[in-house]
Structures are given as C-alpha cells and as structure tokens.
Amino acid sequence: MTGTRNRYGVALAGVILHLMIGGVYAWSVFTKPISAYTGWKETSVSFAFSLAIFFLGMSAAFMGRLVEKFGPSVTGTISSICYGSGIALTGLAIQSHHLWLLYLAYGVIGGLGLGSGYVTPVSTIVRWFPDKRGLATGLAIMGFGFAAMLTGPVAQNLMANVGIVNTFYILGTFYFVVMIIAAQFIKKPRPHELPQAIAQNAQRVSLTGQELTANQALRTRTFAFLWFMFFINITTGIGLVSAASPMAQNMTAMTASTAAVMVGIIGLFNGFGRLAWATLSDFIGRPLTYSLIFILDIVMLFILLFFKVPFIFALALCFLMSCYGAGFSVIPAYLGDVFGTKELGAIHGYILTAWAVAGMVGPLLLSYTHQVLHNYYVTLIVFVVIDALAMAVSILIQRDFVAHRETNAA
C-alpha cells in the first residue's frame, strides 16, 4: 500500500477477519451431526469448543506480542493458516473417526488461529481511531459476536447438500482465503498518516497520558483490577449463555420452543450490545461505562431471581447478554486509555487470558451447582456477589484516576 490509507478500509478488513473466526460460536450446529456420524457422545464433541476457547484466551497473550513485533498482517496470516487448516482437519478427524484429532484440529490448532485472529485487528483499529476508540473496537468485536448468525444457516445448508465432512473442508478453505486476503489490509498507521486533529484526540480520551510497555502495564494495580473485572463479566455472561434455555424453562415454565426463540434474541443483544456500549463509552468514558455494566448486571440478576414472568425473565437475560458483549468491546479501548497504544496488542492479549479461565469457570460453576442443588438460585446469588465485587473494583479504579489527575494538576 502506498500513499495515505483509508482508516475505514482497515476497520472493514478487521470486521471481516472477526466475522470469519467468530464462526466458532456456531459449534452447537455441528454437535449432533458429528455425534450421529461418528458415534461420539455429544459431551465429547462439545468439549472441542471449550478447548478452542481456552486456547484462544491463552494463545492471545503470546500472539499479542507478535502483533507488536511483526505487525498485524503477519499475525492475521498466521490466524488464516491455523484457523483454516484447523477447520479442514476437523473434517478429516470426523471422516477418520479420530476424537483425539478433533481436539487437536479444532481445539488446539483452531484455537491458536482464534487467538491470533482475535488480537490482530483490535489494537490496530484503536490506533487508527484515537478519537472513536469505543466505536472502532465495538464494530470489530461486534463482527465476532454476530458471526454465528451467518455461519449457522450456511453450515446447515452445506451439511444438507454435501455432508458433514465436506462442509468442514469447504469452510476451512473459504476461511483461509478470505482471512489471508483481509489480513494484508490490516496495517498500523504510519507516522503523520492520521490528520492532526484526529491524532490530538488521543490525549483527550487518555486517562493517564502514559505510554507503557506490556511488561510495565502488567506490574500495575490497574491491570490486575481490569483483569478481575473482565474475568467476572465473562464468568457471569458465559455461565448464563451456557444454560439460558434450561434455566428459562425451569424457573418460568417457559416452553422449549419459546426458550429456543429467546436464545436467538439474546444472541442479538450480545452482538448489538458490543457496539452500543462501546459507542456510549466514547461519550461517558470507559470507567463509568464498566461501572454501569456491573450495576445493570446486578439489577437484572435480581430480576431473574424474583420475577417468574417469561417475558420479564427473557428481557432481563437480553440486558445481561448486552453487558456480556460490552465487556469484550469496551476493554480494548479502556486499556488504550490507561496504558496508551504503544504495546496495546500485547496488553490486550494478556488480559484475554481472563477469557480462557472464565470460559471454564462460568459454565462449570452453573452446571455443578444445578446438578447438586437442582436449582439455579444459588448460582445467581453467587453471580450477584461477584458482580458487586467487580463494581467495587471499578469504582476504586475511577478514584485512582481522579487522584492521578489531581496529582498531575498540582
């Protein structure tokens, strides 16, 4: 690329990349067909998804470093190779009836592709949009949230026409081609490539005025607080996602068909929440936005506990899912405000390890307590408590920033 590049073109390439890897959220579409074809238990097939999310979070820390060292186009290319080949090899695992290969292909190789692809565009887009950090990251990460809505119907159609094995071969090839092309357009802005008026806005949204390295950021109390808040937000959200349908049926006597419709609707709130909350954060600031997320979480969890009307119950879950999605889209801009954009890719990668841990903790906590106690009330109360702790931490961070500004002013 020569001359001045269009920042909206870079953002579009990032959205496309996230639309591809976000197909991981459509894994439930494949669970029963794979089980029927291979004879594997559905729980065994579902574990491949958990493994992929775990490797996404854990590999993101390493891949975030590579974004800063070699550039987003390199990590985007790595993502296209890993994710595309992981999906294609999943087809081979199914065809050969090797469960270990399914875990290696989809869980490990695909998970590495997810981790490298997830961090590739986010920090880069933040650099291109210092004046609209929330909106920019919200758009990119919204693509990840909405991808399942596109992948699900396409996968169903492919499986009906070419079979489960060929579906993965086709999807793997398609993902590879689209992702490797999109990756070449995701570039960091060159010096003076942004208009001066836009570049100056970076200081306007900064909370500290600092430009820290990833290692420096890791040693701060603020990073530990942000990691904890992100972990709690995902633990609550992903736990509710994993049991939304049976919980609604158990607690409100909602029918299975109505619960299935509800699950689709809360998915929309998950996607749109990423954009809406991130955009709001550009106007009211990231610290206040995160505090409001936890306040709304607590209120909606109480509604789940005490209101048994199906419509009200579903509405509360919709708001909870918007908060869940918000956690993903607001955190990159928050990190940029606090630590600067010097090594934002690496810092964002480190904080995504919270996703890996929460992805295991949330669903396990909810399913275990339900298995032992035969209800969801105790888990919901636990979620209220931990969200209250996270809200307290969010308020502590805001006080730290106020003290920092007062010190600088003096």
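Residues numbered from 1 in each chain as written. Predicted model: local features only at pLDDT ≥ 70, side-chain atom pairs only at ≥ 80, totals over all residues. Heavy atoms only, no water.

Draft legend 1. View of unusual backbone geometry. A positive phi is found at H97, a non-glycine position, where the angle reads about 60°. As for its placement among the helices and strands, H97 is situated in the loop between α4 (72–96) and α5 (99–128). Overall, the relative accessible area of 38% leaves H97 in the partly exposed class. Phi angles above zero are rare outside glycine, and A253 is one such case at about 65°. By the secondary structure assignment, A253 is in the loop between α11 (244–252) and α12 (256–284). For A253, a relative accessible area of 66% translates into the label exposed. (Helix = DSSP H or I, 4+ residues; strand = E, 2+ residues; numbered from the N terminus. Buried < 20%, exposed > 50% of the residue type's maximum accessible area, 1.4 Å probe, protein only.)

Draft legend 2. Summary view of empty space enclosed by the protein. Tallied over the entire structure, the rule returns one cavity of 30 Å³ or more. In this model, the largest cavity occupies a volume close to 60 Å³. Looking at the largest cavity, the residues that line it are G23, V24, F30, Y83, I87, Y106, T151, F168, L171 and Y175. Ranked by the residues each element gives to the lining of the largest cavity, the list is headed by helix α7 (residues 164–183), at three residues. Of the residues in the lining of the largest cavity, the class split is eight nonpolar, two polar and no charged. (1 Å grid on protein atoms, 1.4 Å probe; cavity = no way out; pocket = protein on both sides within 12 Å on 5 of 7 lines; lining within 4 Å. Points joined across faces, edges and corners; volume = space filled by probe spheres on them. Nonpolar A, V, L, I, M, F, W, Y, C, P; charged D, E, K, R; others polar.)

Draft legend 3. Structural detail: the packing of aromatic side chains. Scanning all chains against the criterion turns up 21 aromatic pairs. Their ring planes at 35° and their centres at 5.3 Å tell us that Y83 and Y175 sit as a pair that is tilted. Taken as a pair, Y83 in helix α4 and Y175 in helix α7 lie far apart in primary sequence, 92 residues in all. The same class applies to Y83 and to Y175, which are both buried. An aromatic cluster is present here, built from Y118, F144, F230, Y324, F328 and W355 joined pairwise through their rings. (Phe/Tyr/Trp six-rings, centres within 6.5 Å; stacked < 30°, edge-to-face > 60°.)

Draft legend 4. The arrangement of the environment of V74 in detail. Among the secondary structure elements, V74 is positioned in helix α4. For V74, a relative accessible area of 37% corresponds to the partly exposed category. Residues V74 and F269, spaced 195 residues apart in sequence, show a C-alpha to C-alpha distance of 33 Å.

Draft legend 5. Quick peek at the packing of α4 against α7. Where α4 contacts α7, the two axes come as close as 8 Å, and the packing angle between them is 175°. Taken together, the axes of α4 and α7 are roughly antiparallel relative to one another. Here the contact of α4 with α7 is built from residues that sort into 16 nonpolar, ten polar and no charged. (Axes fitted to C-alpha atoms, helices over the stretch in contact; angles between N-to-C directions. Parallel < 35°, antiparallel > 145°, perpendicular 65-115°, else oblique.)

Draft legend 6. Examining the layout of surface pockets more closely. Approximately 1600 Å³ is the volume found for the largest pocket. Forming the walls of the largest pocket are 45 residues, and the residues nearest its centre are Y25, S28, F49, V241 and S242. Taken together, the elements giving at least two residues each to the lining of the largest pocket come down to α2 (28–38), α3 (42–70), α6 (133–162), α10 (221–242), α11, α12, α14 (310–339) and α16 (353–373). Looking at the lining of the largest pocket, its residues break down into 28 nonpolar, 15 polar and two charged.

So, to be careful, I would describe these as geometric facts and stop short of saying anything about function.
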